[in-house]
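Chain by chain, the residues run as shown.
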Amino acid sequence: MLVGDLSHRQFAGRLASAGLGVQFGPFNLRIRSDLGSFASLAHHLYEPYPLLDAEAISDFHVQIASPRGLRRLRRWVRPQACFSVDGQSIFAPYRADHAFPALEWGINWCVATRAHHLLMLHSAVVERNGQAMVFPAWPGHGKSTLCAALIHSGWRLFSDEFGLVRPEDGSLLPVPRLISLKDASIDVIRRFRPEAVIGPAFFGTRKGTVAHVRPPAESIRRAQEPARPRWFIFPRWTADAAFTLEPMPKSQAFLMVATNAFNYDVLDETAFRLVADMVRTCDCYSLRYADLNEAVTELEKLSGSIDG
Amino acid sequence: MGKLSTETRRAQRLLLTALRVPETLPALPFADWELLLRVARRARLLGRLGCDLSRAGLLGNIPPRAAAHLRASRNVIEHRNTLVSWEINRILWALKGTEVPLILLKGAAYALAELPPARGRIFADVDLLVPENLIGEVEEKLLGHGWLKLQIDPYDDRYYRVWMHEIPPLRHRERGSEIDIHHRLLPRTSRLKSDPVPLFAAARPLADPRLRVLAPADMVLHALVHLFLEGDPDEGLRLRDLVDVHDLLCYHGQEPGFWAGLGLRARELGFERPLFYGLHHAHRLLGTPIPPDVLQKLEDVAPSWLIRKLMDHLIHLTLLPGHPDYPSRRPALGRWLMYVRAHWLRMPPVLLARHLSYKAWLRFRGVRKQIDLAQLDLKQQ
């Protein structure tokens, strides 16, 4: 059963009572909220995601709700929303109308701080023909934008944020969550694929203007199918740059992947082994682009040349 | 209220049973796993459960999703272990040329002496015990080798130096790790007298002769003092500290003469009351095997019936984790009472009044307790 199979009333009812159980790739979430505006948007953007079975174990219990106690009075002045994990609020309250990005961000925080059974690269990952392309990048390098464009051009979304590597076999695990676009990227993707499902823009959040892209249903449906990494592409968007896609020495790629991971140090020797294996078996390139269409075409060619 | 306390009790029972008999966990009903994981995480005992199951070879016999959480927390713990060993290596390097006997306390001691509480225990900082007359020298050496004094206000600095049992923590400027340097186990102002000299005389050397750990009885007593007197108003008493005590008692309890020595040492160091409460509750909650005559003898130092009932209730209330979905005000009140009690024992009334009113003033002025991590990028954490 999918989120979309619930009526809005059922959906909001679950959020407000025992919680909505929803599956994001390897993670089972239980989400609670008493905020009506949040429920409407979540119902729309989470529509293709599977609901949890009754007996499934939830990994993270998250809540985005109006504050308790005295702070509740603020609902009449400047309403707030508090994010909490397992009943403990960790961050300062958000503006109530920013509840949706706050929850999305909070779920990422849960993954980044808790999923240490996996190696977590700070990377976008997409897949085609069973082979994954990994984009390790730093904030502002344009990985989410490129990722959003690729998944609307025939690639399957693994993640725009987390390259999850399973230590047991070095496979990449999909975690096809909403893609959060910032500032100018939002219009870039709206223009690139007018039919893409993009939520409203939230202005003035702690991370600037943010809007969420819903991945194609196919990516969500196949969220339990891992893949092997085949390419490491280190993207860098620069206005007016000439397009270049140049092979990168493996020694350099190794250092960049290792320093880019969220928890390379936590996994210690396992992380070293995983990154070394991946870099050894992948082709590594540095990519510089200004035009999204050109980048998508060239990356498709790169993947096609392997197929052929 | 009824549902609340039933659910809370269920959560607590799950955790205690898991700690006492981890080998029964493969038979745990699927529906109970989620709650167990949540309370164990809150009590910071996930890694401990993971280690117990891994040692028993049972990680494959529990739901894979639960095993993933246990694996994740063990990975973090193993990493912290590496960091602590490295930190101690660096401390020894910084102190090269000084003949200071360094006694490791708590987590670092358990790890380097390879004692049972080290398994699955989450580490925070390195705690050292150093003779008071050498503290200046140690501090100076560390400050000259990359550690910095934390920026604290003059009141807090004075609080540490004049009244406390440790100096303000030092932090390494690159690694961010903290060292707490103690010269005694309890504040100078404490009602429980705590002469540190016998501790140094009894300390035992580790494989590296520059490092020592407290003698077994002293280690147990320190773990108890830490449990009952270093309370935190938000966290309450820490069940994981009682688990340390349980492990130490199970391990050292096998040694001949340990139990007789423990009672004598508690009297000598003035820690009979914490020992009384500690043994009583370790036995009751974790099933720690304690010879009946030891418990019997401690009845002599037990408080009056009324105080004892009150303390039993408070300890129970503050030591056991709450249910994440049913927060209650009662434990919060209990935690506050235990915190006040700890402070009552830490310093004389006038000083206490002064200190708490100063802290209340800070709170009134709105010193922020919540850190806004959300402003940072995920990667920067």
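Residues numbered from 1 in each chain as written. Chains lettered and ligands numbered in written order. Predicted model: local features only at pLDDT ≥ 70, side-chain atom pairs only at ≥ 80, totals over all residues.

Let's talk about the overall build of chain B
Part 1 of the argument: Secondary structure assignment for chain B yields 16 helices and seven strands.
Part 2 of the argument: Taking 381 residues into account, the globule formula puts the C-alpha radius of gyration at 21 Å, and chain B, at 21 Å, falls close to it.
Part 3 of the argument: Burial statistics for chain B: of 381 residues in total, 37% are counted as buried.
Part 4 of the argument: Sequence-distant contacts in chain B: of pairs separated by 6 or more residues, those separated by 24 or more amount to 67%. (Helix = DSSP H or I, 4+ residues; strand = E, 2+ residues; numbered from the N terminus. Rg over C-alpha atoms; globule rule 2.2 N^0.38 Å. Buried ≥ 20, exposed ≤ 12 C-beta atoms within 10 Å, placed from the backbone. Contact = placed C-beta atoms within 7 Å.)

Quick word on the packing of helix α10 (residues 239-252) of chain B against helix α12 (residues 272-286) of chain B
Residues and elements named next belong to chain B.
Part 1 of the argument: Where α10 meets α12, the closest approach of the two axes is 10 Å, and the angle between their N-to-C directions is 90°. Judged on the interaxial angle alone, α12 and α10 are roughly perpendicular. Contacts between α10 and α12 involve Leu 242, Val 243, Val 245, His 246 and Leu 249 from the former and Gly 278, His 281, Ala 282, Leu 285 and Leu 286 from the latter.
Part 2 of the argument: For the contact of α10 with α12, the residue count by class is seven nonpolar, three polar and no charged. (Axes fitted to C-alpha atoms, helices over the stretch in contact; angles between N-to-C directions. Parallel < 35°, antiparallel > 145°, perpendicular 65-115°, else oblique. Nonpolar A, V, L, I, M, F, W, Y, C, P; charged D, E, K, R; others polar.)

With respect to helix α14 (residues 305-319) of chain B
Part 1 of the argument: An ideal rise of 1.5 Å per residue puts 21 Å on 15 residues; α14 of chain B measures up with 21 Å between its terminal C-alpha atoms.
Part 2 of the argument: Among all positions of α14 of chain B, only Met 311, Ile 315, Leu 317, Thr 318 and Leu 319 of chain B are buried. (Expected span 1.5 Å × (residues − 1).)

Notes on the nonpolar core
Part 1 of the argument: The biggest cluster of nonpolar side chains holds 102 residues, and the ones touching the most others in it are Ala 99 and Val 126 of chain A.
Part 2 of the argument: A domain split of this core shows at least three residues from each of domain 1 (3-114) and domain 2 (119-307) of chain A.
Part 3 of the argument: With 84 residues, the next largest nonpolar core counts Ala 18, Leu 45, Leu 170 and Val 245 of chain B among its residues. (Core = buried A, V, L, I, M, F, W, Y, C linked by C-beta atoms within 7 Å. Domains from an automatic or database assignment.)

Digging into the confidence of the model for chain B
Part 1 of the argument: On average, chain B scores 86 in pLDDT, and the residues at 70 or more come to 91%.
Part 2 of the argument: Here the predicted complex carries an ipTM of 0.93, next to a pTM of 0.89. (pLDDT = per-residue confidence, 0-100.)

Regarding the interface of chain A and chain B
Part 1 of the argument: Across the contact, 26 residues belong to chain A and 29 residues belong to chain B.
Part 2 of the argument: Breaking the side of chain A that touches chain B down by element, the ones donating at least two residues are α3 (99-114) and α8 (264-281) of chain A.
Part 3 of the argument: The greatest single-element share of the side of chain A that touches chain B, amounting to five residues, is contributed by α3 of chain A.
Part 4 of the argument: Classifying every residue of the side of chain A that touches chain B gives 12 nonpolar, seven polar and seven charged.

Some words on the sheet that holds strand β3 (residues 147-149) of chain B
Residue and element names in this part refer to chain B.
Part 1 of the argument: An order of β3-β4-β5-β2-β1-β7-β6 is seen for the seven strands of this open sheet, with the pairing classed as mixed. The open sheet has two edge strands with one neighbour each: β3 and β6 (204-205).
Part 2 of the argument: Where β6 meets strand β7 (residues 211-213), two bridges bridge the pair, whose relative direction is antiparallel. Within the sheet, the bridge partner assigned to Pro 205 lies in β7 and is Arg 212. (Pairing = 2+ DSSP bridges.)

Overview of the sheet that holds strand β14 (residues 208-213) of chain A
Residues and elements named next belong to chain A.
Part 1 of the argument: Strand order in this open sheet of three strands is β12-β14-β13, and the pairing throughout is antiparallel. Each having just a single partner strand, β12 (179-182) and β13 (202-205) make up the two edges of the open sheet. Mean inter-strand twist for the sheet, computed between neighbouring axes without regard to direction, equals 40°.
Part 2 of the argument: One ladder, built from two bridges, connects β13 with β14; its direction is antiparallel. Pairing of Phe 202 across the sheet is with Val 210, part of β14.

Quick look at the environment of Leu 20 of chain A
All names here are of chain A.
Part 1 of the argument: Relative to the elements of secondary structure, Leu 20 occurs in strand β1 (residues 20-24).
Part 2 of the argument: Separated by 17 residues in the primary sequence, Leu 20 and Val 3 place their C-alpha atoms 9.1 Å from one another.
Part 3 of the argument: Sequence-distant contacts of Leu 20, defined by excluding residues within four places in its chain, comprise Phe 11, Arg 14, Leu 15 and Ile 31.

Considering the pairing of strand β4 (residues 80-85) of chain A
Residue and element names in this part refer to chain A.
Part 1 of the argument: Judged by how many residues are buried, β4 sits mostly within the fold: five of six residues are covered.
Part 2 of the argument: Inspection of the sheet shows strand β3 (residues 60-65) paired to β4 by four bridges, in the antiparallel sense. The residue bridging Ile 64 from the neighbouring strand is Phe 83, located in β4.
Part 3 of the argument: Note: β4 against strand β6 (residues 94-95), two bridges, orientation antiparallel. Bridge assignment links Ala 81 to a residue of β6, and that residue is Tyr 94.
Part 4 of the argument: Pairing of β4 with strand β5 (residues 88-89), which is carried by two bridges, proceeds in the antiparallel orientation. Residue pairing across strands places Ser 84 opposite Ser 89, the latter belonging to β5.
Part 5 of the argument: Taking the residues between adjacent antiparallel strands as the criterion, β4 and β5 are bridged by two residues, where Asp 86 takes a positive phi near 50°.

Considerations on the domain arrangement of chain A
Interface size, as often reported, equals the accessible area lost upon joining of the parts.
Residue and element names in this part refer to chain A.
Part 1 of the argument: Assigned domains within chain A: domain 1 (3-114) and domain 2 (119-307).
Part 2 of the argument: The distance between the C-alpha centroids of domain 1 and domain 2 comes to 26 Å.
Part 3 of the argument: Counting from both sides, the interface comprises 14 residues of domain 1 and, opposite them, 21 residues of domain 2.
Part 4 of the argument: Those elements giving two or more residues to the side of domain 1 that touches domain 2 turn out to be α2 (36-45) and α3.
Part 5 of the argument: Here the element with the most residues in the side of domain 1 that touches domain 2 is α3; it accounts for five residues.
Part 6 of the argument: Looking at side-chain class alone, the side of domain 1 that touches domain 2 contains 10 nonpolar, three polar and one charged residues.

Some words on the pairing of strand β2 (residues 27-32) of chain A
All names here are of chain A.
Part 1 of the argument: With respect to burial, β2 is a largely interior element, five of its six residues being buried.
Part 2 of the argument: Bridge count between β1 and β2: five bridges; the pairing is antiparallel. In the sheet register, Gln 23 faces β2, and the bridge partner there is Asn 28.
Part 3 of the argument: Two successive antiparallel strands, β1 and β2, enclose a turn made up of two residues, where Gly 25 displays a positive phi of approximately 55°.

Things to note about unusual backbone geometry
All names here are of chain A.
Part 1 of the argument: The phi dihedral of Asp 183 is positive, around 45°, even though this residue is not glycine.
Part 2 of the argument: Looking at the element boundaries, Asp 183 is found in the loop between β12 and α5 (184-192).
Part 3 of the argument: Take Asp 183: there are 14 C-beta atoms within 10 Å of it, and that puts it in the partly exposed class.
Part 4 of the argument: One non-glycine residue, Asp 268, lies in positive phi territory at about 55°.
Part 5 of the argument: Mapped onto the elements of the fold, Asp 268 is located in helix α8.
Part 6 of the argument: Residue Asp 268 is classed as partly exposed on the basis of its 14 C-beta neighbours within 10 Å.

So, the packing of helix α4 (residues 143-151) of chain A against α5 of chain A
Packed helices, taken two at a time, are described by the angle between their axes plus the distance between the axes.
Residues and elements named next belong to chain A.
Part 1 of the argument: Between α4 and α5, whose axes approach to 10 Å, the crossing angle comes to 15°. Taken together, the axes of α4 and α5 are roughly parallel relative to one another. Crossing of α4 over α5 shows right-handed handedness. Contacts between α4 and α5 involve Ser 144, Thr 145, Ala 148 and Ala 149 on the former and, on the latter, Ser 185, Val 188, Ile 189 and Phe 192.
Part 2 of the argument: By residue class, the composition of the contact of α4 with α5 is five nonpolar, three polar and no charged. (Left-handed = near helix turned anticlockwise from the far one by under 90°.)

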